[in-house]
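Here is how the chains run, residue by residue.
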Amino acid sequence: REKILEEEFGISRIEMKASMREVTNIQQARKLSYANRNSEKFAERAEALQRKVSKVLGLRKSQKKQLEKLLQEARDHSSTRNRETRSTHYDRPAELYSFSNSSTELSASMSL
């Protein structure tokens, strides 16, 4: 097989070895996940028990309180950022503007 791949398709030995390594890695990962399928349930239950114990002991806040706290922090951050970055033409000094009055319209142009 290797000789056919090398001669007829121009695939080098290095490419073949890399491909074989990749296949081996995939097979090993598949075996590992198959072997761990039962321990996954145990791990999930252990995590659930840990969450319950930490909540009973008062080490963990309720999700509702955590969500409220995060939303409030986001609002505070957003309002602070808006105040710092908000810039309108009204914030600029009046000297930067020159006004010319025509018969029907008042136009403003900025002179920098």
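Residues numbered from 1 in each chain as written. Predicted model: local features only at pLDDT ≥ 70, side-chain atom pairs only at ≥ 80, totals over all residues. Heavy atoms only, no water.

1. A word on the overall build of the protein
Stage number 1. The helix and strand tally for the protein stands at 4 helices and 2 strands.
Stage number 2. Starting at the N terminus and ending at the C terminus, the protein contains elements arranged as α-α-α-α-β-β.
Stage number 3. Of the roughly 11,000 Å² of accessible surface on the protein, a fraction of 54% belongs to carbon and sulfur atoms. (Helix = DSSP H or I, 4+ residues; strand = E, 2+ residues; numbered from the N terminus. Areas by Shrake-Rupley, 256 points an atom, 1.4 Å probe, with all protein chains shown as cover.)

2. Observations concerning the confidence of the model for the protein
Stage number 1. The predicted model of the protein averages 77 in pLDDT, with 71% of residues at 70 or higher.
Stage number 2. In the model, residues 101–112 has pLDDT below 50 throughout and makes 16 contacts with residues more than four positions away in sequence or in other chains. (pLDDT = per-residue confidence, 0-100. Contact = heavy atoms within 4.5 Å.)

3. Quick notes on the pattern of salt bridges
Stage number 1. Tallied over the full model, the rule gives 2 salt bridges.
Stage number 2. A salt bridge links Glu6 to Arg13; the nearest nitrogen and oxygen atoms lie 3.3 Å apart.
Stage number 3. Residue Arg13 is classed as partly exposed on the basis of its relative accessible area, which comes to 40%.
Stage number 4. Taken together, the shared-partner salt bridges connect Glu2, Glu6 and Arg13 into one network. (Salt bridge = Lys/Arg side-chain N within 4 Å of Asp/Glu carboxyl O. Buried < 20%, exposed > 50% of the residue type's maximum accessible area, 1.4 Å probe, protein only.)

4. Quick look at the environment of Glu6
Stage number 1. Topologically, Glu6 is positioned in helix 1 (residues 2–9).
Stage number 2. Residue class for Glu6 comes out partly exposed when judged on its relative accessible area of 33%.
Stage number 3. Along the sequence, Glu6 and Met16 sit 10 residues apart, while their C-alpha atoms lie 8.9 Å from each other.
Stage number 4. Discounting residues that sit within four places of it in the chain, Glu6 has contacts with Ile11, Arg13 and Met16.

5. Side note on the packing of helix 1 against helix 2 (residues 13–35)
Stage number 1. Helix 2 packs onto helix 1 with a crossing angle of 130° between their chain directions and a minimal axis gap of 10 Å. What the angle tells us is that helix 1 and helix 2 run oblique. Crossing of helix 1 against helix 2: the hand is right-handed. Only Arg13, Met16 and Met20 of helix 2 make contact with helix 1, whose side of the interface consists of Glu2, Leu5 and Glu6.
Stage number 2. Grouping the amino acids of the contact of helix 1 with helix 2 by side-chain chemistry returns 3 nonpolar, no polar and 3 charged. (Axes fitted to C-alpha atoms, helices over the stretch in contact; angles between N-to-C directions. Parallel < 35°, antiparallel > 145°, perpendicular 65-115°, else oblique. Left-handed = near helix turned anticlockwise from the far one by under 90°. Nonpolar A, V, L, I, M, F, W, Y, C, P; charged D, E, K, R; others polar.)

6. Concerning a nonpolar patch on the surface
Stage number 1. There is a patch of nonpolar side chains on the surface, built from Leu49, Val53, Val56, Leu57 and Leu59 and spanning about 560 Å² of accessible area.
Stage number 2. Looking at the element boundaries, Val56 is found in helix 3 (residues 37–56). (Patch = residues over 30% accessible without salt bridge, like charges linked within 9 Å, V, L, I, M, F, W, Y side chains within 5 Å.)

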